[in-house]
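In case you want the letters, here they are:
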Amino acid sequence: MKPPITDLEFRALAEKCQEGIANEAELKAFEEAYELLSTRHTSWDAALMGEKAAVRNEMYAGLFDQVHDIKRKNKIFSIGRYLSAAAILMIVGISTYFFLNKVNPQDQSVASVIVPGSNTATLTLADGRKINLSDAKNGAILEQTGIQITKSADGRLMYKVQGTEGATAQSLTYNTIETPKGGQYQVILPDGTKVWLNAVSSLRFPMSFASLSERKVELSGEAYFEVEKDKAHPFKVVSDGQEVQVLGTHFNINSYKDEGGIKTTLLEGSVKVTSKGTKQAEVIIKPGEQAILNPEGIEIVKTDVEQVIDWKNGDFIFQHESLKEIMNKIGRWYNVRVIYDKDVDTALTFSAQISRSKDIPEILKSLESTGEVNFDIRGTTIKVRKN
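Every value quoted in this text rests on a predicted model; they were computed, and no experiment measured them.

Undergrad: Help me get a handle on the overall build of the chain, residues and values and all.
TA: Secondary structure summary: the chain contains 10 helices and 25 strands in total. For the chain, the proportion of its 387 residues judged to be buried stands at 44%. Contacts spanning at least 24 positions in sequence make up 51% of the contacts within the chain whose residues lie at least 6 apart. If you sum the accessible surface of the chain, you get close to 20,300 Å²; carbon and sulfur atoms cover 50% of it.

Shown next as structure tokens:
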């Protein structure tokens, strides 16, 4: 029995076939190895093999180049030999793609400890008690005078005011909901305002707004708000150095410290953004606009709102985003640490759209397909290398 061919040997054979320098024995060895390979991959696995369209385009491009070279060298093939050569080139294209881009079984086992984020958060009560919302059963979690806190089956925390007297007594009692790396959660505040929290974020809010002249909450990280209309009680979101005031509207605030400024993006209605630093400023933005607070002041830019709230809709949408920004998002959602080789240009930009439910090898492979970078996964650490 012949010893099994190794990946390195197969790669060498594939390269010889593509370059047109393989002899008969090597072609035969390659075909035998391909037969073995084809039995291992009976169905198309995009995570291992890449998207069909991309592979097909690569194969066609390789085939075209080979035929062009043949014509340029004035070599003449019979139609039968030409089709045979084309078939071998197609096999080489697919097989090389499998072997050069497949996920090593060891890498798969390493990557298996990294999973996409989920609905998980911690609720901290006014008395300091903490409730892990992943472990808490669905239904009523807590009942205090005039307030009921309920966890729904679809991952929402709901506050319901049951009586004005109790609500008044609880008006200055604050709760905080926090999401970890790899977590997200939705909370419905006592006034009916809906808030979606992204990973590594927290929201501090009163258990009731009944006796307050304004509805004020404190945000760290990123959240999307759908504010319940109440003209008599403005809704305010306080972040680090910024306050956003609205009456009833839909907007997103990104206040991550590693994102280069606080970004407030408006989808519906109007909001007033006020800076609280040494350079005080105040702007009103319209739907489709984003206010960026940085040390120089507040800048207003037009933006793609679908890209801004991609996280809320379960996607990653990268449009000319830097490698640093992309890996920050991946790190938060997959709960991984990201490190870079010193020669990696973190300002490189990429564009892609992919579901946040995908396994991490597939996310990283889409970035690797550009030929600019590659990734090494070890436990929950991802090392970024220059290609």
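Undergrad: Could you give me a rundown of the sheet that holds strand β25 (residues 381–386), with the residues and numbers involved?
TA: As summarised here, the arrangement of the three strands in space is β22-β25-β24, forming an open sheet in which the pairing is mixed. Because the sheet does not close on itself, it has two edges, and the strands there are β22 (337–340) and β24 (373–378). The mean inter-strand angle of the sheet, taken between neighbouring strand axes irrespective of direction, is 25 degrees. As paired strands, β22 and β25 are joined by four bridges and run parallel to one another. Within β25, the position partnered with Tyr340 by the bridge is Val384.

Undergrad: Just give me the short version of the confidence of the model for the chain, but keep the residues and values in it.
TA: Within the chain, residue pLDDT values average 78, and 71% of them lie at 70 or more. Confidence over residues 105–109 falls short of pLDDT 50; this stretch has three contacts with residues more than four positions distant or in other chains. Long-range and interchain partners of residues 165–171, a stretch whose pLDDT sits below 50, account for 17 contacts in this model, where long-range means more than four residues apart.

Undergrad: Which residues make up the environment of Leu267, and what values go with them?
TA: Within the fold, Leu267 resides in strand β16 (residues 262–268). Other than its neighbours up to four places away in sequence, Leu267 contacts Tyr224, His250, Phe251, Asn252, Pro287, Val305 and Ile309.

Undergrad: Outline the packing of aromatic side chains, supporting the account with residue identities and numerical values.
TA: Evaluated as defined, the whole model comprises six aromatic pairs. Ring pairs connect the aromatic residues Phe225, Phe235 and Phe251, which therefore count as one cluster. Just above the ring of Tyr256 sits the side chain of Arg332; from NZ or CZ to the centre is 3.6 Å. The residue whose ring lies beneath Arg356 is Trp333, and the NZ or CZ to ring-centre distance is 3.7 Å.

Undergrad: Break down the side chain of Asn175 for me, citing the residues and quoting the values.
TA: Tracing the backbone shows Asn175 in strand β7 (residues 174–179). When its relative accessible area of 1% is taken as the criterion, Asn175 is described as buried. In terms of polar contacts, Asn175 uses its side chain to reach the side chain of Tyr159, at 2.6 Å. Ignoring any residue separated from it by four or fewer positions in sequence, one finds Asn175 in contact with Leu123, Thr124, Leu125, Ala126, Ile149, Tyr159, Leu203, Arg204, Phe205 and Met207.

Undergrad: Provide a residue-level description of unusual backbone geometry, including the pertinent values.
TA: Phi at His320 is positive, roughly 55 degrees, even though this residue is not glycine. With respect to the secondary-structure elements, His320 resides in strand β21 (residues 315–322). Assessed through its relative accessible area of 65%, His320 is described here as exposed.

Undergrad: I'd like a description of the pattern of salt bridges, backed by residues and values.
TA: This structure, assessed with the given rule, holds 17 salt bridges. Note that Asp191 is salt-bridged to Arg215, the shortest N-O span being 2.5 Å. Of this pair, Asp191 sits in the loop between β8 (183–188) and β9 (194–197) while Arg215 sits in strand β11 (residues 215–220); the two residues are 24 residues apart in sequence, bridging distant segments of the chain. Glu321 is the salt-bridge partner of Lys329, the closest N and O atoms lying 3.0 Å from each other. Exposure remark for Glu321: the relative accessible area of 8% places this residue in the buried category. The network of salt bridges with common partners includes Asp341, Asp376, Arg378, Lys383 and Arg385.

Undergrad: Go over the pairing of β7 with me, naming the residues and quoting the values.
TA: Two elements, strand β2 (residues 122–124) and β7, share three bridges in a ladder whose sense is antiparallel. Bridged to Thr124 within β7 is Thr176. Alignment of β7 against strand β10 (residues 201–206), held across six bridges, turns out to be antiparallel. Looking at the pairing, Tyr174 lines up with Pro206 of β10.

Undergrad: I'd love a proper account of the sheet that holds β10, names of residues and values included.
TA: Adjacent strands of a sheet pair through backbone hydrogen bonds, lying either parallel or antiparallel. Read across the open sheet, the nine strands follow the order β3-β2-β7-β10-β11-β13-β14-β17-β18; overall the sheet is mixed. A single partner strand is all that each edge strand has here, and the edge strands are β3 (130–132) and β18 (282–285). Pairwise comparison of adjacent strand axes, ignoring direction, gives a mean angle of 20 degrees for this sheet.

Undergrad: Run through helix α9 (residues 323–334), naming residues and quoting values.
TA: In an α-helix there are 3.6 residues to a turn, and that puts residues three or four apart on one side. Here α9 spans 16 Å end to end across 12 residues, near enough to the 16 Å set by a 1.5 Å rise per residue. Here α9 lies mainly inside the structure; nine of its 12 residues are buried. Listing the buried residues of α9 in full gives Leu323, Ile326, Met327, Asn328, Ile330, Gly331, Arg332, Trp333 and Tyr334. Downstream of α9 by a residue or two, Asn335 has a phi angle that is positive, lying close to 55 degrees.

Undergrad: Lay out the environment of Val344 in plain terms, naming residues and giving numbers.
TA: Positionally, Val344 belongs in the loop between β22 and β23 (349–355). Residues Val344 and Val384, 40 residues apart in the sequence, show an inter-C-alpha distance of 7.3 Å. Discounting residues that sit within four places of it in the chain, Val344 has contacts with Leu323, Val384, Arg385 and Lys386.

Rules behind the numbers
Residues numbered from 1 in each chain as written. Predicted model: local features only at pLDDT ≥ 70, side-chain atom pairs only at ≥ 80, totals over all residues. Heavy atoms only, no water. Helix = DSSP H or I, 4+ residues; strand = E, 2+ residues; numbered from the N terminus. Buried < 20%, exposed > 50% of the residue type's maximum accessible area, 1.4 Å probe, protein only. Contact = heavy atoms within 4.5 Å. Areas by Shrake-Rupley, 256 points an atom, 1.4 Å probe, with all protein chains shown as cover. Pairing = 2+ DSSP bridges. Axes fitted to C-alpha atoms, helices over the stretch in contact; angles between N-to-C directions. pLDDT = per-residue confidence, 0-100. Phe/Tyr/Trp six-rings, centres within 6.5 Å; stacked < 30°, edge-to-face > 60°. Lys NZ or Arg CZ within 6 Å of the ring centre and 35° of its normal. Polar contact = N/O pair within 3.5 Å; in protein donor to acceptor, adjacent residues only side chain to side chain. Salt bridge = Lys/Arg side-chain N within 4 Å of Asp/Glu carboxyl O. Expected span 1.5 Å × (residues − 1).

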